[in-house]
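# Close look at the chain arrangement
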Amino acid sequence: MFKLNGTIFMPPVLTLIGIPGLESVQFWIGIPFCAMYIASLFGNSLILVIIKSERSLHEPMYLFLAMLGATDIALSTCILPKMLGIFWFHLPDIYFDACLFQMWLIHTFQGIESGILLAMALDRYVAICFPLRHATIFTHKLLTQIGVGVTLRAALLGAPCLILIKCRLKHFRTTVVSHSYCEHMAIVKLAAEDTRVNKIYGLFVAFIILGLDIIFITLSYIRIFITVFNLPQREARLKAFNTCIAHICVFLEFYLLGFFSFFTHRFGFHIPPYIHILLSNLYLLVPPLLNPIVYGVKTKQIRDRVSKIFHSKIPS
């Protein structure tokens, strides 16, 4: 590590401090975070096992749910082990390249999750607005193409963030990252050079992925609500609307937490730093925890299958 004019030239190691201002209680904060992680692993794994073993659930809505569960497991696993290493074992150091890789993985899985939520909204749109064409449109081939497409979109759009940091930013004011995981803006703020290109590209990616997805999801649900409210029978309206409730809950929790975290991190200058970091952590931990609970409660097929699994293990 070389210092030049008070700056550090291409540091090989960065230090994640965890939650600034709450270092003395990080050990205790790690306990509920670890519990949330274990619960999300169990819930999402159970959803995956149920969908894989039950052939009647090999339909687009449930296959998208399986994709969402796998993404949630990967996303929370990207941050929790290292975060608990900071909180519990005082292991804050991370190699610079490993930090960039973690950053890319996190933002890639966030983009994949957003794309899957958009695909689920389009699935409900076709199922309710064009029910006779749903089976011919949402084929297994299309589902595979959607899975590959949302993965490539997130991975390829996120890669330049990594490249721009690695190739453009050579001098850093400090190697201490005021965060509990490697986040794009947290790393960019360390640089002692002009970071406008990095910030502009970060906003561009956020708009292209999260911004456009939320616009299309909203338009899909506007069209769905118009169709549902025009159905002649009250029972039919309730049945159609009930198939969307779980997705609406998941959609709201993901985007509301995401945008609140995004705007407080960039524009909430008077909000204490630990609030920023706690919101960022909850944004990545709460959806993986709640998604299987929401779908387990609101989806009868999954609820019945879970009940059958656990009742079969209770001796009569």
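All chains use their own residue numbering, which begins from 1 and follows the written sequence. Reporting in this predicted model follows two pLDDT cut-offs: at least 70 for local features of residues, and 80 or more for side-chain atom pairs to be given and counted; totals over whole chains, interfaces and linings ignore these cut-offs and use all residues. Each side-chain value is derived from all of the structure's non-hydrogen atoms; neither hydrogens nor water enter the calculation.

With an unreviewed UniProt entry as reference, the protein is termed Olfactory receptor, source organism Nyctereutes procyonoides. UniProt positions are given in the numbering used here, feature names are shortened, and annotations may be inferred rather than shown by experiment. Comment text from UniProt for the protein, heading Sequence similarities (unreviewed entry), reads "Belongs to the G-protein coupled receptor 1 family."

This brings us to unusual backbone geometry. Positive phi is not limited to glycine here, since M10 has a value of about 45°. By definition, any uninterrupted DSSP run of H or I lasting at least four residues is a helix, any uninterrupted run of E lasting at least two residues is a strand, and each is numbered from the N terminus. Structurally, M10 can be placed in the loop between β2 (7–9) and β3 (13–16). The exposure class assigned to M10 is partly exposed, which follows from its relative accessible area of 37%. Unlike most non-glycine residues, H90 shows phi in positive territory, near 55°. One can find H90 in the loop between α2 (60–89) and β4 (93–95). Buried residues are those whose accessible area, probed at 1.4 Å on protein chains only, stays under 20% of the maximum for their type, while exposed residues exceed 50% and partly exposed ones sit between those limits. On the basis of relative accessibility, which here comes to 65%, the residue H90 falls in the exposed class.

So, on to the state of the cysteines. Two cysteine sulfurs form what is called a disulfide whenever their separation falls within 2.5 Å. Across all of its chains, the model carries one disulfide by this definition. No disulfide involves C161; its nearest neighbouring cysteine sulfur is the one of C167, lying 13 Å away. Note on C161: relative accessible area 8%, which makes it buried. No disulfide involves C249; its nearest neighbouring cysteine sulfur is the one of C244, lying 11 Å away.

The subject of this paragraph is the nonpolar core. When a protein is soluble and globular, its nonpolar side chains tend to lie buried together. The term nonpolar core refers to a set of buried residues drawn from Ala, Val, Leu, Ile, Met, Phe, Trp, Tyr and Cys, joined through side-chain atoms within 4.5 Å. Counting 89 residues, the largest nonpolar core has F33, I51, I79, L117, I165 and I217 as the members making the most contacts within it. When sequence neighbours within four positions are dropped, the list of residues in contact with I165 reads F96, L100, M103, H184, I187, V188 and N198. Any pair of residues with heavy atoms lying within 4.5 Å of one another is described as a contacting pair.

This brings us to the packing of aromatic side chains. In this description, an aromatic ring pair is defined by two values, namely the gap between the centres and the angle between the planes. Side-chain rings of Phe, Tyr and Trp (the six-membered ring for Trp) are treated as a pair once their centres are within 6.5 Å; stacked means planes under 30 degrees apart, edge-to-face means over 60, and tilted covers the remaining angles. In the structure shown here, the tally under the stated rule is 14 aromatic pairs. Summarising the aromatic geometry, the rings of F96 and F172 are spaced 5.7 Å apart at their centres and angled 70° between planes, so their arrangement reads as edge-to-face. Taken together, the residues span a long stretch of sequence, with F96 in helix α3 (residues 96–129) and F172 in strand β5 (residues 171–172) at a distance of 76 residues. Residue class for F96 comes out buried when judged on its relative accessible area of 7%. For F172, a relative accessible area of 1% puts it in the buried group. With centroids separated by 5.7 Å and ring planes inclined at 40°, the aromatic side chains of Y201 and F204 adopt a geometry described as tilted.

For the rest of this paragraph, the subject is helix α9 (residues 273–298). A helix is expected to span 1.5 Å multiplied by its residue count minus one. Between its terminal C-alpha atoms α9 stretches 37 Å, which fits the 38 Å expected from 26 residues at 1.5 Å a residue. The bend reported for a residue corresponds to the angle between axes fitted to the seven residues ending at that residue and the seven starting there. Remark: the principal bend of α9, roughly 30°, maps to Y283, with a proline, P287, within the next four residues.

For a regular strand, side chains alternate in direction, first toward one face of the sheet and then toward the other. Burial of β3 is one-sided: the residues L14 and L16 facing one way are buried, the residues V13 and T15 facing the other way are not. In this sheet, β4 lies alongside β3 in antiparallel orientation, the contact comprising three bridges. Each residue of the ladder has a partner; that of V13, found in β4, is Y95. The pairing criterion for strands is at least two bridges between them, as found by DSSP. For β3 and strand β6 (residues 176–177), the ladder comprises two bridges, and the chain directions are parallel. The residue of β6 that forms the bridge with L16 is V177.

As defined here, a cavity is a set of points on a 1 Å grid over the protein atoms alone where a 1.4 Å probe fits but cannot get out. A pocket is an open set with protein on both sides within 12 Å along at least five of seven lines, and residues line them when an atom is within 4 Å of a point. Grid points are joined across faces, edges and corners, and a volume is the space filled by probe spheres set on the points. Quantified by volume, the largest pocket comes out at close to 520 Å³. Around the largest pocket, the lining comprises 20 residues; the ones closest to its centre are M61, R124, K239, N242 and T243. Elements represented by at least two residues in the lining of the largest pocket include exactly α2, α3, α8 (234–267), α9 and α10 (300–312). Top element by residues in the lining of the largest pocket is α8. It accounts for six residues. Residues are grouped as follows: nonpolar covers Ala, Val, Leu, Ile, Met, Phe, Trp, Tyr, Cys and Pro; charged covers Asp, Glu, Lys and Arg; every other residue, Gly included, is treated as polar. Considered class by class, the residues forming the lining of the largest pocket number ten nonpolar, five polar and five charged.

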